[in-house]
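Survey of secondary and tertiary structure
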Amino acid sequence: MSAAQIIDELPKLTPADLLAVRHKLIEISEENEGVALCDAAASEGAQILDQMETGDGARSSSDAFAFLADSAEDIYSVADGEPFREAR
C-alpha cells in the first residue's frame, strides 16, 4: 500500500483509530533519529508560531489603536484619490 493510499484512507477512520495511528507514528519517529529530528524542528516551529499568535492577540486587544475605530478618523473616501497605475 502506498503512502497516498494510506493518507486517502485516514479520513475514514474513527477518532480512536486516528489516535492509534498517531501513537504508532510517534513510536516509529522515536526509533528513527532523522524523523525524530524533523519532529523536534516541527515542534519548535509550532511553538514559535504559537508565541507569535499569542503576541498578535495581545496587540489586537491593546487600546493603543482604539482611536482608529472612531468615525472622525475615517476622513478619506474613494473619491479622494486617483487609481494607482504603475508606469511601464
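This section reports on the structure supplied with the text.

Rules used throughout
- Residues numbered from 1 in each chain as written.
- Predicted model: local features only at pLDDT ≥ 70, side-chain atom pairs only at ≥ 80, totals over all residues.
- Heavy atoms only, no water.
- Helix = DSSP H or I, 4+ residues; strand = E, 2+ residues; numbered from the N terminus.
- Rg over C-alpha atoms; globule rule 2.2 N^0.38 Å.
- Buried < 20%, exposed > 50% of the residue type's maximum accessible area, 1.4 Å probe, protein only.
- Areas by Shrake-Rupley, 256 points an atom, 1.4 Å probe, with all protein chains shown as cover.
- Lys, Arg positive; Asp, Glu negative; His and termini not counted.
- Charge placed at Lys NZ, Arg CZ, Asp CG, Glu CD.
- Salt bridge = Lys/Arg side-chain N within 4 Å of Asp/Glu carboxyl O.

**Digging into the overall build of the chain**
A count of helical and extended segments in the chain gives 3 helices and 0 strands. Each helix and strand of the chain, placed in order from N terminus to C terminus, yields the pattern α-α-α. Here the chain has a C-alpha radius of gyration of 25 Å; the compact-globule value for 88 residues is 12 Å, and the former is much larger. Expressed along its principal axes, the backbone C-alpha trace of the chain runs to roughly 60 × 40 × 30 Å. Here the chain holds 88 residues, and the buried ones make up 2% of them. Of the roughly 8,200 Å² of accessible surface on the chain, a fraction of 59% belongs to carbon and sulfur atoms. Charge-centre separation for the chain: the mean point of 6 positive side chains lies 8 Å from the mean point of 19 negative side chains.

**Points about the pattern of salt bridges**
Summed over all chains, the structure comprises 2 salt bridges. Note that E9 and K12 form a salt bridge whose closest N and O atoms lie 3.2 Å from each other. A salt bridge links K24 to E27; the nearest nitrogen and oxygen atoms lie 3.1 Å apart. Taken together, the residues span about one helical turn, with K24 and E27 both in helix α2 (residues 15-31) at a distance of 3 residues.

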